[in-house]
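# Coordinate inspection notes
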Amino acid sequence: MPLEEVYVPQMGEGLQEVVIIKLHKKPGDVVKRDEPFYTMETDKASLEVESPYDGVLREWLAEEGAVLPIGAPIARIEVLATATVTSSPLSQPSETERQQPPTVTIPPRTRAYCKEHGISEEEMRRIPTPTGKLLPEHVDAYLQAKQLQPSVQTRNISLEDDYVDRPLSVRQRTFIHRLLRSQQTVVPASARRVVEWGRIRRFVDRLRAEEELSENPAEKALKPTAFQTFAYCVAQALKEHPRFRSTLISEATLREYRHANLGIAVALPEGELVTAVVPRADTLSFTDFLRVAQERIERARGGEDQAAETTHFLLSYLGPYDILDATPVLVAPAVGVLFIGSAYTLEEKQVANISLTFDHRIVQGVDAALFLQTVARNVEAIEEIVL
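## Considering the nonpolar core
With 55 residues, the main nonpolar core has Phe-230, Phe-289, Phe-313 and Phe-371 as its most contacted residues. Not counting the four nearest positions on each side in its chain, Phe-230 is found in contact with Val-195, Trp-197, Ile-200, Leu-338, Ile-340, Ile-354, Val-375 and Val-379. Formed by 22 residues, the second largest nonpolar core is a distinct cluster that contains Val-31, Met-40, Tyr-53 and Ala-75.

This is the structure:
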């Protein structure tokens, strides 16, 4: 039975690289044509990729978390003799074509740009380009992807090396890929203000005291925190501000979602960061919001990253660590991320700084200011909102 390589498909105009999220098959497994056998993440969505053949998976050529250029080989399948090759998202090159270097047009300005970065003529022609014409932005993407690859250094040291190389987990490599992708697409802007944290704290203290007196075990199990209560105020604000539950699906089209999926950053003990997601957070009652948020956060602490292309807004809380202020980094496709700092006293009130980073392509400064006003108003009216 012939052995065929499977290549990363071109799924959209301008797409240059993808991150491999999940390998659904193991070497030796039978695969069916049109059966999903791995999942990749592009700059717009996570996609299941189907097998172009009936056969047996013999080898994966990349691991989960790998960042691959379009057209890179990802697997080898032993194709059944009776199987017929059908069209796939990216046509498979013949053996002769694989042995010949691809024809790439390199304009003078790109050639000069490559020389500035120490890229040889031979290396230029190996840089992936979806159009066949190499442009400076393709070079930038190639250099960024190259930085993620492990480097080998020769050191003439007779003593024991004074460092340890630790492999990054799939979660961390995926997170880095998302950061780099966001850096290429998002136009970030920021806005800050103060909220009255004392109102949140007093409300939570009162609720907890009432729960202790309750005879209902379910109510005692909730134990709301100040951050979770503040997150509910944000979810309610997202109802009134549709720009913060939107995404650009093309240069000419803005997609506005009816409801908001709210992401919460969760730090893991090994220094990694994952996201817990409360789906349709703006539709939940306060009690339901607490239950869902606590359950999702617990799953995230177990290592489950719930971020997806429909995670519209993110929260980052460093209150327990005495951090008063920070500018959060926006990770696409979310349109905004809100940092909440530690509480402190200002003019005899307990307050906290909140800092918003937003995608300026979608949200303007006035929109951001009005959104923060709504959040602060919800905090001040927390009892009316919840009860």
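After that view, the rundown keeps rolling.
## With respect to the sheet that holds strand β5 (residues 46–50)
Overall, antiparallel pairing links the four strands, which are arranged β5-β4-β2-β7 in an open sheet. Every other strand in the sheet has two partners, leaving β5 and β7 (67–69) as the edge strands with one partner each. If you compare each strand with its neighbour and ignore which way they point, the axes differ by 40° on average. Its contacts with the sheet put helix α5 (residues 170–185) on β2 (17–23), β4 (36–41) and β7, and the angle it makes with β2 is roughly 155°.

## Comments concerning the side chain of Thr-39
One can find Thr-39 in strand β4. Side chain to side chain, Thr-39 and His-24 meet in a polar contact 2.7 Å long. Apart from the residues within four sequence positions on either side, Thr-39 is in contact with Val-19, Ile-20, Ile-21, Lys-22, His-24, Ser-46, Leu-47 and Glu-48.

## Focus on the sheet that holds strand β3 (residues 30–31)
Sheet architecture is open: four strands sit in the order β1-β8-β6-β3, paired in antiparallel fashion. Both outer strands of the open sheet, β1 (3–7) and β3, are each paired with one neighbouring strand and no more. Pairing geometry for β1 and strand β8 (residues 73–79), over five bridges, is antiparallel. Across the sheet, residue Val-6 finds its bridge partner in β8, namely Ala-75.

## Overview of the packing of aromatic side chains
According to the stated counting rule, one finds 12 aromatic pairs in the structure shown. Plain terms: the ring middles of Trp-197 and Phe-230 are 5.5 Å apart, the flat faces sit at 45° to each other, and that makes the pair tilted. With Trp-197 in helix α6 (residues 197–213) and Phe-230 in helix α8 (residues 226–240), this residue pair connects regions lying 33 residues apart in the sequence.

## Here we look at the pairing of strand β15 (residues 336–340)
Counting buried residues in β15 gives five out of five residues, a clear majority hidden from the surface. What you see with β15 is no split at all: Gly-336, Leu-338 and Ile-340 on one side and Val-337 and Phe-339 on the other are buried throughout. Strand direction decides the pairing type here: strand β14 (residues 313–317) and β15, joined by five bridges, are parallel. Residue Leu-315 lies in a different strand from β15, and its bridge partner there is Leu-338. Sheet topology places β15 next to strand β17 (residues 349–359); five bridges connect them, and they run antiparallel. Bridged to Phe-339 within β17 is Ser-355.

Rules used throughout
- Residues numbered from 1 in each chain as written.
- Predicted model: local features only at pLDDT ≥ 70, side-chain atom pairs only at ≥ 80, totals over all residues.
- Heavy atoms only, no water.
- Core = buried A, V, L, I, M, F, W, Y, C linked by side-chain atoms within 4.5 Å.
- Buried < 20%, exposed > 50% of the residue type's maximum accessible area, 1.4 Å probe, protein only.
- Contact = heavy atoms within 4.5 Å.
- Pairing = 2+ DSSP bridges.
- Helix = DSSP H or I, 4+ residues; strand = E, 2+ residues; numbered from the N terminus.
- Axes fitted to C-alpha atoms, helices over the stretch in contact; angles between N-to-C directions.
- Polar contact = N/O pair within 3.5 Å; in protein donor to acceptor, adjacent residues only side chain to side chain.
- Phe/Tyr/Trp six-rings, centres within 6.5 Å; stacked < 30°, edge-to-face > 60°.

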